[in-house]
Amino acid sequence: MKVKNFLVLVLVFVFASVAFAVPNRNVYGILTETFSGANIDADKSDENAVRIDLWKWTGGQQGFSVDNVSDSTIEGKVNWLLTATNAGTSGGGGFAVNNNAGVLDMTAYSNGYIKFLVKTSYAAMINFKIGVKADGKEYYKTLKEINPLFSANDKWYEISVPVSDIVSSGLDKVQYLFLFGLDEAFYNVGDKIEIDNIRWEKPETTSAEQMILSMAKVGTDEAVTSDTFSFDVNVDTDLADSTWKAANEYIKIDLNWIQFDTSTSTSDPCYVRFYTNNTSTAAPIVANPKYEGGDNPAGLINENDTSARIDACWRVSTYTITKDKLKIYQIDYDLSDKKDEKTYCYIWMQDLKTSGFDNEYSLIWNNGSDISKRGTQLYGATFLAGRFPLYVYIGANFAQAVIGSTYSTNTLTVELYYE
């Protein structure tokens, strides 16, 4: 295992009220299952709202049809397959800014790059055009102009073109973040091209922190600069409905940059996983308190009696969850957000020294080589498509908590790694 990032958050019983900074977004995603950015089909009140346009010709038909396919996807679960239809003598489309202003200021990326993955086995598609519309003007370049080595050999290529090579002015008024098309001279009905992971990147991306963690208050989404969690629990009075309680804070995870290796038409598997390491005696994190008990060390450790602990759990979501929706119930060995129904949305916290540690069960996000298991883990080793940012909620079981004792861990770890 080759660890790329190793980030640790401390979990203690405190009550914090602090502020939080929005992460700097080095990558702005457009058509991607990884990076945040454009929100396709969002309401116009969303600054990042984008709609997908496919140009229509005589009779109202499109020059390209679009399908989602997954046979050899590198990023996420699916990618776009564009097929030239019999609707016209050329075809194209684009990702239009669809907010109230109708434009997006992309000047922060003026020295950066537009990148995407593409492959085809149809020779004419080396003339496939990509571009941008800014301040009312359209700018295009063909694949062979951008990368003379691009070949119609049915292998993935990552295309990277400097923004300045495409757009000459008007980046403060971008109307289409990504245009694509094929001119009549090269348009053959039935020709196909696949495209995926379209995004804008800043020039400093490759030296940036790949994963960014931040914290906020549940319910209000108020920013938190502390790295501590808190629980509102009175052991005498608050455990009648359920002994499991959710923390008052949540973790927000964003990917700021990630490297895709397309040299062999495959990608290096990468993951985000979550665990404690409550018996660790070695750098970078020495457990304090260090668990001294004889069974599973996962969860929160009693600071007064380090042989005692309470269980913890987590759930991940692609949207924020209000406090009233964060109920936790244990039904048999399953954790649910409903009292009388197993929803399986909570994951038991594991420790690196948990007997039979299940690596797949520890994964928040999976971009491994098995396409069927890529995405965000929502129901216990069930991975569904969902892009960043991700929101992680923590819970703990106070059934065995001793009144007056403090339970904590300083080894709660969110880890991005490659294999």
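Residue positions are given per chain, counting from 1 as you read along its sequence in written order. Per-residue local features of the predicted model are confined to residues with pLDDT of at least 70, and side-chain atom pairs are confined, for both listing and counting, to 80 or more; whole-chain, interface and lining totals are unaffected and use all residues. Side-chain descriptors were evaluated using all non-hydrogen atoms of the structure, hydrogens and water having been removed beforehand.

A.B. asks: With reference to specific residues and values, describe the packing of aromatic side chains.
C.D. replies: How two aromatic rings sit relative to each other is given by the distance of their centres and the angle of their planes. A pair of Phe, Tyr and Trp rings is counted when the ring centres sit within 6.5 Å of each other, with Trp represented by its six-membered ring. The angle between the planes then sorts it: under 30 degrees is stacked, over 60 is edge-to-face, the rest tilted. Throughout the structure, instances matching the rule amount to 21 aromatic pairs. When the ring of F274 is compared with that of W314, the centres are 5.7 Å apart and the planes differ by 80 degrees; the resulting orientation is edge-to-face. With F274 in strand β17 (residues 270-275) and W314 in strand β20 (residues 312-317), this pair connects stretches of sequence that are 40 residues apart. Assigned by exposure class, F274 and W314 land together as buried. Only DSSP runs of H or I covering at least 4 residues are called helices, and only runs of E covering at least 2 are called strands; the numbering of each starts at the N terminus. Relative accessibility thresholds used throughout: buried, under 20% of the residue-type maximum; exposed, over 50%; partly exposed, between the two (1.4 Å probe, protein chains only).

A.B. asks: An account of a nonpolar patch on the surface is requested, with residue identities and associated values reported.
C.D. replies: By definition, no residue in a patch forms a salt bridge, and every one has over 30% relative accessible area; like charges are joined within 9 Å, nonpolar side chains (Val, Leu, Ile, Met, Phe, Trp, Tyr) within 5 Å. Using a 1.4 Å probe, the Shrake-Rupley method yields the accessible areas, and only the shown protein chains count as cover for residues. One speaks of a salt bridge when a side-chain nitrogen belonging to Lys or Arg is within 4 Å of a carboxyl oxygen belonging to Asp or Glu. There is a patch of nonpolar side chains on the surface, built from Y344, Y379 and L384 and spanning about 270 Å² of accessible area. Inspection of the secondary structure puts L384 in strand β26 (residues 383-384). Classification of L384 by relative accessible area gives partly exposed; the value is 33%.

A.B. asks: Run through the pattern of salt bridges, naming residues and quoting values.
C.D. replies: Enumeration according to the criterion identifies 18 salt bridges in this entry. The partner of R199 in a salt bridge is E158, and the shortest N-O contact between them spans 2.6 Å. With a gap of 41 residues between them, R199 in strand β13 (residues 192-201) and E158 in strand β11 (residues 157-162) connect regions that are remote in the sequence. Owing to a relative accessible area of 1%, R199 belongs among the buried residues under this scheme. The shortest N-O distance in the salt bridge between E360 and K373 comes to 3.3 Å. Residue E360 is found in the loop between β23 (347-348) and β24 (363-367), and its partner K373 is found in the loop between β24 and β25 (375-377); the two are separated by 13 residues along the sequence. With a relative accessible area of 32%, K373 lands in the partly exposed category. Put simply, K115, E158, R199 and E201 are held in one network by salt bridges that share partners.

A.B. asks: Outline empty space enclosed by the protein, listing residues and values.
C.D. replies: The gaps of empty space that remain are located by a probe, the size of a water molecule, rolled over the atoms. Method remark: on a 1 Å grid restricted to protein atoms, a set of points is classed as a cavity if a 1.4 Å probe fits but cannot get out and as a pocket if it is open with protein on both sides within 12 Å along at least five of seven lines; lining residues have an atom within 4 Å of a point. Grid points are joined across faces, edges and corners, and a volume is the space filled by probe spheres set on the points. Within the structure shown, the criterion is met by one cavity of 30 Å³ or more. Considering only enclosed or pocket space, the largest cavity measures out at about 70 Å³ in volume. Around the largest cavity, the lining residues are E33, T34, E75, G76, K77, W365, N366, N367, R374, G375, A385 and G386. Counting residues per element, the lining of the largest cavity draws most heavily on β24, at three residues. Each residue belonging to the lining of the largest cavity can be placed in one class, and the counts come to two nonpolar, six polar and four charged. Each residue gets one label: Ala, Val, Leu, Ile, Met, Phe, Trp, Tyr, Cys and Pro are nonpolar, Asp, Glu, Lys and Arg are charged, and the others, such as Gly, are polar.

A.B. asks: Now, about the pairing of strand β27 (residues 390-397): what can you tell me, with residues and values included?
C.D. replies: Burial runs high along β27: eight of the eight residues are buried. Neither face of β27 is left uncovered, since the one carrying L390, V392, I394 and A396 and the one carrying Y391, Y393, G395 and N397 both have all their residues buried. Where strand β16 (residues 244-255) lies against β27, seven bridges are found, and the strand directions are antiparallel. Paired with Y250 across the two strands is Y393, which belongs to β27. By this definition, two strands are paired if DSSP reports at least two bridges between them.

A.B. asks: Provide a residue-level description of the sheet that holds strand β9 (residues 129-134), including the pertinent values.
C.D. replies: Reading across from one edge, β3-β4-β7-β12-β9-β10 is the order of the six strands in this open sheet, with mixed pairing throughout. Only two strands of the sheet have a single neighbouring strand rather than two, namely β3 (39-40) and β10 (137-142).

A.B. asks: Requested: an account of the nonpolar core, with residues and values cited.
C.D. replies: The set of buried Ala, Val, Leu, Ile, Met, Phe, Trp, Tyr and Cys residues whose side-chain atoms join them within 4.5 Å is what this entry labels a nonpolar core. Core analysis: the biggest nonpolar cluster contains 44 residues, and L177, F178 and W200 have the highest contact counts within it. Among the elements that take part in this core, strand β12 (residues 174-182) stands out by supplying five residues, more than any other. Residues contacting L177, with those up to four places away along its chain left out, are Y28, I30, A38, V50, F95, V97, L104, M106, G131, V132 and W200. One finds M211, F231, F274 and Y418 within the second-largest nonpolar core, a separate group that totals 39 residues. Only heavy atoms enter the contact rule, under which two residues are in contact if any of them lie within 4.5 Å.

A.B. asks: Give me unusual backbone geometry: which residues, what numbers.
C.D. replies: With an omega of 10 degrees, the peptide bond between N288 and P289 qualifies as cis. For P289, the location among the structural elements is in the loop between β17 and β18 (300-302). Following F388, the chain continues to P389 via a peptide bond in cis, the omega torsion being 5 degrees. Although it is not a glycine, Y344 adopts a positive phi angle of roughly 60 degrees. Note that Y344 resides in the loop between β22 (334-336) and β23.

A.B. asks: Tell me about the side chain of R315, and please be specific about residues and values.
C.D. replies: Its place among the elements puts R315 in strand β20. Classification of R315 as buried rests on a relative accessible area of 9%. Sequence-distant contacts of R315, defined by excluding residues within four places in its chain, comprise I321, K325, L326, D337, C345, Y346, Y391, V392 and Y393.

A.B. asks: Run through the pairing of β9, naming residues and quoting values.
C.D. replies: Burial runs high along β9: five of the six residues are buried. Pairing geometry for β9 and β12, over five bridges, is antiparallel. Residue K133 lies in a different strand from β12, and its bridge partner there is Y176. Taking the residues between adjacent antiparallel strands as the criterion, β9 and β10 are bridged by two residues, where D135 takes a positive phi near 50 degrees.

A.B. asks: Explain the sheet that holds strand β15 (residues 223-224) to me, and be specific about the residues and the numbers.
C.D. replies: Here we have six strands laid out as an open sheet, ordered β15-β14-β16-β27-β20-β23, and antiparallel in their pairing. Each edge of the open sheet is held by one strand with a lone partner, namely β15 and β23. Pairing analysis gives six bridges linking β20 to β27, with the strands arranged antiparallel. Following the sheet pairing, V316 is matched in β27 by V392.

A.B. asks: Go over the confidence of the model for the protein, please, and point to the residues and values.
C.D. replies: On average, residues of the protein score 88 in pLDDT, and 91% of them are at 70 or above. As a per-residue quantity, pLDDT reports the predictor's confidence and falls between 0 and 100. Scored below 50 in pLDDT, residues 1-23 makes 91 contacts in the model with residues more than four places away or belonging to other chains.

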